[in-house]
Amino acid sequence: MGLLTTIRKQKIKDKEIRVLILGLDNSGKTTLVRHLLHEDVSTVSPTLGFAIRTLSDIGGYTLQLWDVGGQSSLRPFWRNYFDRTDVVIWVVDATTVGEERLSECRAELSKVVAEDKLSGAGVLVLVNKIDSVPSSVSIDDIVKTVRVALALDRITNHEWIILPCSAYTGENIDQGLRWAIDEVKRRLYRFD
Ligand SMILES: Nc1nc2c(ncn2[C@@H]2O[C@H](COP(=O)(O)OP(=O)(O)OP(=O)(O)O)[C@@H](O)[C@H]2O)c(=O)[nH]1
Ligand SMILES: [Mg+2]
């Protein structure tokens, strides 16, 4: 039995999904994790290394959440966390739309989706902080802008989805996770 088959069988047995949360610094990755764990979201500080948190019994699965710091000095270390990743959650700050940060975000994402070690992993793009977007601005327009700016339609080697969300209010976060779990299930059980 090949190594990949062994890993896949083990994952099915353990019902464990490994989620790697990436994105530029200040996009809201740690706040998202805190929201998922029902923790206080008002006291986050920049992540200087990484943290692994466990979310049990989400549709019968256990999610291991790998929250990695997004500051530019830390990005070279992202690769250390790629192994065995099932899903990448890529967090984008909706309030940076129209800014240089979005090009930086595109450059980083393009490197990540090209990584061999992440091949096959689903990519959930969350456009976060929509609670702080002025009501005069259309969320649909923001999502479209991010989709184009990050060249998501050019990603052909991963299943992906883009959703607006708020780690403060929790809007759309459950939908995003549900997509992620379904995507992993489709892949793990593909040859069974
Ligand atoms: N309005 C609003 N602010 C948010 C939301 N999510 C995060 N923030 C704020 O954005 C800032 C950065 O949040 P973090 O969760 O630390 O961001 P991060 O992506 O983990 O940053 P690094 O660890 O440096 O990579 C904090 O001041 C959060 O309170 C959100 O949904 N809405
Ligand atoms: Mg953080």
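Attention here is on the structure that accompanies the text. Quick caveat: nothing in here was measured; it's all calculated off a predicted structure.

Looking at the site of ligand 1
At step 1: Surrounding ligand 1, one finds 20 residues, the nearest of these being K29, T31, G70, D131 and Y168.
At step 2: Between an oxygen atom of ligand 1 and a main-chain N or O atom of G70, the distance comes to 2.7 Å.
At step 3: Here Y168 contributes a side-chain N or O atom positioned 2.6 Å from an oxygen atom of ligand 1.
At step 4: Isolated, ligand 1 exposes 650 Å² of accessible area, and the fraction of that covered by the protein chains is 87%.
At step 5: Among the cavities detected, the one that contains ligand 1 is the second largest pocket.
At step 6: Here the shell around ligand 1 takes three residues from helix 2 (residues 29-36), the largest share from any one element.
At step 7: Split into classes, the residues belonging to the shell around ligand 1 amount to five nonpolar, eleven polar and four charged.

As for the coordination of the magnesium ion (ligand 2)
At step 1: Taken together, the protein donors to the magnesium ion (ligand 2) comprise T30 (OG1) and T47 (OG1), at separations of 2.1 Å. Linking T30 in helix 2 with T47 in the loop between helix 2 and strand 2 (50-58), this pair joins segments that are 17 residues apart in sequence.
At step 2: Judged by relative accessible area, which is 17%, T47 ranks as buried.

Section: the layout of surface pockets
At step 1: Roughly 420 Å³ of volume is contained in the second largest pocket.
At step 2: Lining the second largest pocket are 22 residues, with N26, S27, G28, T31 and V44 sitting closest to its centre.
At step 3: With three residues, the single largest contributor to the lining of the second largest pocket is helix 2.
At step 4: Of the residues belonging to the lining of the second largest pocket, the class tally is six nonpolar, twelve polar and four charged.

Some details on the pattern of salt bridges
At step 1: Taken as a whole, this structure holds twelve salt bridges when the rule is applied.
At step 2: Note that E108 is salt-bridged to R75, the shortest N-O span being 3.2 Å. Linking E108 in helix 3 (residues 101-113) with R75 in the loop between strand 3 (61-68) and strand 4 (87-93), this pair joins segments that are 33 residues apart in sequence.
At step 3: You can call E108 buried: its relative accessible area is 13%.
At step 4: On the accessibility criterion, R75 (9% relative accessible area) is buried.
At step 5: With its nearest N and O atoms 2.8 Å apart, the salt bridge here joins R147 to D153.
At step 6: Residue classification places D153 among the partly exposed residues on the basis of a relative accessible area of 48%.
At step 7: The structure contains a network of salt bridges with shared partners spanning D25, R75, R101, E104, E108 and K111.

Rules used in this analysis
Residues numbered from 1 in each chain as written. Chains lettered and ligands numbered in written order. Predicted model: local features only at pLDDT ≥ 70, side-chain atom pairs only at ≥ 80, totals over all residues. Heavy atoms only, no water. Near = heavy atom within 4 Å. Polar contact = N/O pair within 3.5 Å; in protein donor to acceptor, adjacent residues only side chain to side chain. Areas by Shrake-Rupley, 256 points an atom, 1.4 Å probe, with all protein chains shown as cover. 1 Å grid on protein atoms, 1.4 Å probe; cavity = no way out; pocket = protein on both sides within 12 Å on 5 of 7 lines; lining within 4 Å. Sits in = over half its atoms within 2 Å of the grid points. Helix = DSSP H or I, 4+ residues; strand = E, 2+ residues; numbered from the N terminus. Nonpolar A, V, L, I, M, F, W, Y, C, P; charged D, E, K, R; others polar. Donors = N, O, S within 2.8 Å, 3.2 Å for Na, K, Ca; no water. Buried < 20%, exposed > 50% of the residue type's maximum accessible area, 1.4 Å probe, protein only. Points joined across faces, edges and corners; volume = space filled by probe spheres on them. Salt bridge = Lys/Arg side-chain N within 4 Å of Asp/Glu carboxyl O.

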